[in-house]
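# Working through the structure, step by step
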Amino acid sequence: MQQLADSLLQTGFLQGVPTEAGYALVIAFFAFVLLNFIMLIAGVTSWLERRVWARIQSRVGPNRVGPQGVIQWLADGIKNIMKEDIVPAEADRPLFKAAPYLAMMGFFATFAVIPFGDGLVVADLNVGVLYITAVTALVVVGILMAGWASNNKWALLGGIRSAAQIISYEIPAGIAVITVVLFTGSLSMQTIIRAQGWAPWDWFLFANPFLCIASFIFFVSALAEGNRTPFDLPEAESELVAGAFTEYSGLRNLLFFLVEWGNLYVIGALYTTMFLGGWQIPPITEQPVIQGVLQFATFFAKSYFLVFVAMWIRGTLPRVRVDQLMTLCWKYLVPITFANLIGAMIWFVLFPNGLAIMRFAMFALGVAVTIYFFSRILFHLRRARPRLRLNPIS
Amino acid sequence: MGYFNNIRETIRTIFEGMAITASHLVREPYTVQYPDRIDLPIQDTLPFRYRGLLDVDLEICTGCLACERACPIDCIVIEAEKNKQTKEMILRRFDIDLAKCMYCGLCSEPCPTGSIHHTPEFEGADYSLESMVRRFVKAPIPAYKPTKGPETDPEIAPLLTRGLRYLDEFASPGDSK
Amino acid sequence: MSTAGIEIGLERETPAGLETEEMTLNMGPQHPSTHGVLRFVVKADGEVMRRAIPDIGYLHRSIEKISEKVGYHGFMPYTDRVDYVSAMQCNQGWAMACEKLASIEVPRRGEYCRVIACELGRIASHLISVGTTGMDIGAFTPFTHALRERERINNLLEELCGARLTFNYMRIGGCAWDIPPGFVKRASEFVEQFEPLIDEYNELISFNKIYVERLANVAIVPAEMAIAWNLVGPNLRGSGVKYDVRKDVPYSVYPELEFDVPVGTGERGTLGDSYDRYMVRMNEMKESCRILRQALGGIPEGPVIAKVPRTFKPPPGEVYVRVEASRGDMGWFVVSDGTAFPARTHIRTGSFSAMAIIEELSKGLMIADLVAVIASLDIVAPEVDR
């Protein structure tokens, strides 16, 4: 991005503008574009989630606003903006008002390093992965602040649960990331992607068993960090009413949900980057623009598949209890990731350039599991089929 | 060993559950969009015995007050008096307070002609309690007097047929077919 | 209250020196998972509850007193409202009480209609129960799947009696309406399609590890404690006590029908935990399907209702009848003084005693467990207050 800013300052329409101001303008422009982009992503994700969830539950879901209800999120957003922004009388007003923006900031900042294509990244930081782990921690401050400032016991419980949960799950998530970094030798997102190939067997997911285990652990921990089912304890609606967001209304409530749905996309994008080969596609055309668009589409499709998986998990699993959440983290995920990391180290020493046969074996295993999964789906489809009968008299 | 069993069990059951939910993704949804996304009006899909809003066919009401007596919440109010000269019942008032009515169907059971009956109509929302009171008698009218033999009046006969059919299928207990 | 030295629940002791200020939480009456308007005053130490004190009465409608004003026939629609989740069995309880008062014999076809309606109602009620258990634990999908099946039962019952929730189907001396044409075929079809769905439901949620962990070993009620606290129905059977009014105090045509009484086995945890209570309900639905299949296949010909005068005046006396409602042994105590109005009616319901035990069970549980316990005890607020 700096090159772009520099070139604009030297030859583009920003010629003559002071360097700092020019930088500021370019940064503001990209921030504006990204902000709108993530609003779109969060909105569409919310619609998609409601539709997927509805179909899993034999319902239809929102289908009135726009074709198939695709702009339902816009209607909901407008409604929420119009609503009164209520601050409870006994609440800590400044904190209460600031909390959603803090959460929003933590999640928005991650988009700076998400690589949508070969050159399509706002800033390819050399500490990219570390940066994401760091800034997402801001979300927990926002939620904890919301829980505290609401002056509501349910909200407080939700905030504390969130803090405990996110801090605990940073450890397995971080170590799973380290496993990947071990094989790439770099924290930069683009380098991680370039270390993989476009073919599925070149992905880190199938590179060796340790990376495969790390990918699962990362996904579980990321779900927990994003407060998704089965780890949605901070807002557990059947226990804590709405958890940390109980007292929020209108736009501020909307911002929290924006964070939730946006985070879902961040999880998908991170997983895609680290384990699914990111934007890698075979070189199809010479045209850089078309190639770039295809890369973007590939990245988007992969990350949205993971978003879909997260929705699907939400439609399947119940919520864990708070002590089980901690048990899962400290007794299962943390020891397994450490053992996994050591295993990965040994593997790396033995086969510094990877083992082609292992890649294909892992890929074959993945295909076999998928086929078995589809056979189970067919089995369930055949076994029980609830029938719709509209007219009982007919 | 319990440690690894737990992990195995967790993965297996989640795998199975995910397969079931995925199979639901390709099944057709069960819900129906109310009110405009099915081919026929909702009322037509309801069974014959459906207990919707009460209706009264005053032409075949005998003024016997059986429904008023049967109603457990007194939502039916009937005023009928006997005309001294002609010896016939005059209905002065027949009100049903639909805000009170609990759609139990006890009133339509004792009705001798099937005059008071449930319709498949159920959309009864209104803005005031006052407008929920249905006043069937606009001006005092004579009550129906059952005739010996089949009904001949062309205006009343179809109503009576409907009423008796209603009684037959809906409100006559002990009738087994 | 002492429970004769019975160990209760899992005690989670806070280590000495780490106690925090006790927090009083007000759960309900508008809490999303208190199944109606229940209220609990929760004394909690962080996430761990010291005790949860139930506060009842928010849904009190003085139904028992109403019976003294509306007479025997007119009270029938009110019995629907005692427990609106399984209204059929309440209908049957009142009808049986009045029949016993006046020594009325119900025709056999009427009894079969009653059994069919009641077992359909039992499946519908258990579906709500297991569905809301899933929802309280955070899985929304099982709830919609359960309600989807319940919807088909509602369609069937709507055909039978014209209403989906407040049936008012039974009358003193039998049933109000005969089985409509085609009903037997459709009901059998439902039973055939429903049984595999129970297996699917089990695999979707009941055997799910997270779900098992949430319910197993939570709120253990040993058999002696269940009897001491007067638990009935699936809650009692979940503690391993094989007691079912349909078997032990037979009524209607249940003695002619073949079915088992499922009891808790402690398969995933300790005998009498929440999971056992939940699984008893799942298994009871299968048994209800068995009963339905037999009843639908063997409906005798004849009238469905005995001749009962419109002004029903039973001889003076008092009766107590029991029916196995979805939430257990439901007792109907009716005193007649010879007039057209009962002198006194009392209803003894399963949820009431289940509500009482919560305070005892809640000690040492977590707040998240409280909703699981309420759901597993299957408490329906109107039945508590009446």
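Basis of the calculations
Residues numbered from 1 in each chain as written. Chains lettered and ligands numbered in written order. Predicted model: local features only at pLDDT ≥ 70, side-chain atom pairs only at ≥ 80, totals over all residues. Helix = DSSP H or I, 4+ residues; strand = E, 2+ residues; numbered from the N terminus. Rg over C-alpha atoms; globule rule 2.2 N^0.38 Å. Buried ≥ 20, exposed ≤ 12 C-beta atoms within 10 Å, placed from the backbone. Contact = placed C-beta atoms within 7 Å. Domains from an automatic or database assignment. Nonpolar A, V, L, I, M, F, W, Y, C, P; charged D, E, K, R; others polar. Pairing = 2+ DSSP bridges. Axes fitted to C-alpha atoms, helices over the stretch in contact; angles between N-to-C directions. Core = buried A, V, L, I, M, F, W, Y, C linked by C-beta atoms within 7 Å. Parallel < 35°, antiparallel > 145°, perpendicular 65-115°, else oblique.

Secondary structure summary: chain A contains twelve helices and zero strands in total. The secondary structure elements of chain A, listed N-terminal to C-terminal, are α-α-α-α-α-α-α-α-α-α-α-α. Relative to the compact-globule value of 21 Å for 394 residues, chain A shows a C-alpha radius of gyration of 23 Å, a close match. Taken along its principal axes, the extent of the C-alpha atoms in chain A is 70 × 60 × 50 Å. Counting across all 394 residues of chain A, residues that qualify as buried make up 44%. Considering only contacts in chain A between residues 6 or more positions apart, those separated by 24 or more positions represent 76%.

A separate point is the domain arrangement of chain B. Along its sequence, chain B is organised into domain 1 (1-30) and domain 2 (44-171). Between domain 1 of chain B and domain 2 of chain B, the C-alpha centre-to-centre distance is 56 Å.

Residues and elements named next belong to chain A. What the domain assignment reports for chain A is domain 1 (1-82) and domain 2 (83-383). Facing the 19 residues of domain 1 at the interface are 20 residues of domain 2. Sort the elements by how many residues they give to the side of domain 1 that touches domain 2 and helix 2 (residues 19-56) lands first, with twelve residues. When grouped by side-chain class, the residues that make up the side of domain 1 that touches domain 2 number twelve nonpolar, five polar and two charged.

Residue and element names in this part refer to chain C. The strand order across the open sheet built from three strands is 1-2-3, with neighbouring strands paired in antiparallel fashion. Single-partner strands in this sheet number two, and they are strand 1 (23-27) and strand 3 (48-55). Strand-to-strand, the axes of this sheet are offset by a mean angle of 20 degrees, without reference to chain direction.

On to the interface of chain C and chain A, then. At the junction of the two partners, chain C supplies 35 residues and chain A supplies 30 residues. Contributions of two or more residues to the side of chain C that touches chain A are made by strand 1, helix 4 (108-136), helix 5 (141-161), helix 6 (183-206), helix 7 (209-215) and helix 13 (367-377) of chain C. Among the elements that line the side of chain C that touches chain A, the one with the most residues is helix 5 of chain C, at eight residues. Partitioning the side of chain C that touches chain A into residue classes produces 15 nonpolar, ten polar and ten charged.

Secondary-structure assignment places I347(C) in strand 8 (residues 342-348). Note on I347(C): 22 C-beta atoms within 10 Å, which makes it buried.

Counting 218 residues, the largest nonpolar core has Y271(A), I116(C) and V373(C) as the members making the most contacts within it. At 14 residues, the largest contribution of residues to this core is made by helix 9 (residues 250-275) of chain A. Within the second largest apolar cluster, 23 residues are counted, among which are V56(B), C101(B), I116(B) and A143(B).

Okay, the packing of helix 4 of chain C against helix 13 of chain C next. All names here are of chain C. Running from N to C, helix 4 and helix 13 point in directions that differ by 175 degrees, and their axes come no closer than 9 Å. It follows that helix 4 is roughly antiparallel to helix 13 by the angle criterion. On helix 13, the residues that touch T132, T133 and D136 of helix 4 are V371, A372, A375 and S376.

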